[in-house]
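# Structural features, examined
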Amino acid sequence: MISRTETLNILRESTVTVFVNSVAGGGRARFYLTRIQKLFESFHVHAQFVMTKSALELESFAQNAISQGRRALFAMGGDGTFQALTNAAFGAEVLLGVLPVGGGNDFAAALGLPDDPLKAADAILQGKPRFVDLLRLRTAEGRIRLYAGGGGIGLDAEAARYASGTYRSLPGRSRYIASALRALVGFVPFEVRVDFPGSDLIPEEAQALVVAALNTPTYGAGLRLAPGATLEDGSVHVVLIEDIGKMGVLRLLPRLMGSGELRTPRVKRWQVRKVRLTTQKPAVFHGDGEILGSTPVEIEVAPGAVQVLAPALR
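A brief structural summary. (Residues numbered from 1 in each chain as written. Predicted model: local features only at pLDDT ≥ 70, side-chain atom pairs only at ≥ 80, totals over all residues. Heavy atoms only, no water.)

### With respect to helix α4 (residues 79–89)
For α4, the buried fraction is high: 11 of the 11 residues fall into the buried class. Turning to α4, its buried residues are Asp79, Gly80, Thr81, Phe82, Gln83, Ala84, Leu85, Thr86, Asn87, Ala88 and Ala89. In the stretch just after α4, Gly91 is the one whose phi turns positive, near 95 degrees. (Buried < 20%, exposed > 50% of the residue type's maximum accessible area, 1.4 Å probe, protein only. Helix = DSSP H or I, 4+ residues; strand = E, 2+ residues; numbered from the N terminus.)

### Quick word on the pairing of strand β14 (residues 290–294)
For strand β13 (residues 284–287) and β14, the ladder comprises four bridges, and the chain directions are antiparallel. Within the sheet, the bridge partner assigned to Phe285 lies in β14 and is Gly293. Taking the residues that link successive antiparallel strands as the turn, the β13-β14 hairpin has two residues, and the phi of Asp288 there is positive, at about 55 degrees. (Pairing = 2+ DSSP bridges.)

### Points about the side chain of Asp288
If you trace the backbone, Asp288 turns up in the loop between β13 and β14. This buried residue, Asp288, is left without a salt bridge; Arg145 holds the nearest opposite charge, at 7.7 Å. Side-chain polar atoms of Asp288 contact the backbone nitrogen of Ala148, separated by 2.9 Å. Leave out the neighbours within four places in its chain, and Asp288 touches Asp79, Gly80, Gln83, Tyr147, Ala148, Gly149 and Gly150. (Lys, Arg positive; Asp, Glu negative; His and termini not counted. Salt bridge = Lys/Arg side-chain N within 4 Å of Asp/Glu carboxyl O. Polar contact = N/O pair within 3.5 Å; in protein donor to acceptor, adjacent residues only side chain to side chain. Contact = heavy atoms within 4.5 Å.)

### Things to note about the nonpolar core
Of all hydrophobic cores here, the largest spans 57 residues; its most connected members are Val18, Phe40 and Met76. In this view, Phe40 contacts Val16, Val18, Val45, Ala47, Phe49, Phe74, Leu99 and Leu125; residues no more than four positions away in its chain are not counted. Leu155, Leu184, Val297 and Ile299 belong to the second largest nonpolar core, which has 40 residues in total. (Core = buried A, V, L, I, M, F, W, Y, C linked by side-chain atoms within 4.5 Å.)

### Observations concerning the packing of helix α2 (residues 28–42) against helix α6 (residues 117–125)
Close contact between α2 and α6 brings their axes to 9 Å; oriented N to C, the two are set at 35 degrees. Regarding α2 and α6, the two cross each other, and that crossing is right-handed. Contact residues: Arg28, Tyr32, Arg35, Ile36, Leu39 and Phe40 in α2; Pro117, Leu118, Ala121, Asp122 and Leu125 in α6. Split into classes, the residues belonging to the contact of α2 with α6 amount to eight nonpolar, no polar and three charged. (Axes fitted to C-alpha atoms, helices over the stretch in contact; angles between N-to-C directions. Left-handed = near helix turned anticlockwise from the far one by under 90°. Nonpolar A, V, L, I, M, F, W, Y, C, P; charged D, E, K, R; others polar.)

### Regarding the pattern of salt bridges
Taken as a whole and judged by the stated rule, the model has nine salt bridges. Among the salt bridges present, the one from Glu59 reaches Arg145, with a minimum N-O distance of 2.8 Å. With Glu59 in helix α3 (residues 55–67) and Arg145 in strand β6 (residues 144–147), this residue pair connects regions lying 86 residues apart in the sequence. A salt bridge links Arg130 to Glu232; the shortest N-O distance between them is 2.6 Å. With Arg130 in strand β5 (residues 128–138) and Glu232 in the loop between β9 (204–214) and β10 (236–242), the pair connects residues that are 102 residues apart, well separated along the chain.

Laid out in structure tokens, this is it:
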């Protein structure tokens, strides 16, 4: 078991590379950058801060840093930013960290990090490494991609388009609620088949509003779709919300805006190692708010996929 002192020594002995998503959270990264740099200095941890303009650029920079022998890599952004880092780092012996400054920071929340970026930076600099699960996605196009938090098809995937565009500057959960409302205007429920390869579970067919596959208890900045999920349970948490009509969605919103709780009898949940989602018409799948491909898709757990700094458990 590595102590907090040993963690700091590891970081002090190597240059930490911090990849900064300059547009995350409507510019929150730039707002906190100087203060986080000073915090690293106060811990006597030498850090190189690298500004990036996109997930693709960040992933490329991270792969280059790993090839040069860098072994401590942080992502300063939201869930999509951390997703890019994990795809670059998967399979390498590196220590990762996340500084949550995005619009949705559900993976950081699942680690137990505070929402305040400075407090989160302080917590991981005094934290301990943890091996955590990721989810591995294969799309109809043959693309294989890891994601860290939540993903799915349906209304939330359509909302992801608006959350990364029109409503990008809105803070936290309001960004995703506003995006869902906008997506709801023209949304048509879809026919889906949910299969569980390698399991005795009976396939499910339904007309659905959302089908999600999660690694974390929440996504969309705190919407609690899979409250029992943890980052080390070796499972994909599958959540199917049946079609409840536009008025049904509107009735859910006040509680979703407040506590993030999903309260409807028209929801089904499974905890599995692999799931396959097939739709009558191709539908886009998002992971961590990023559009990753289209159906049919397969999602499976990648247990203990990466080592991440997290707050020390009390």
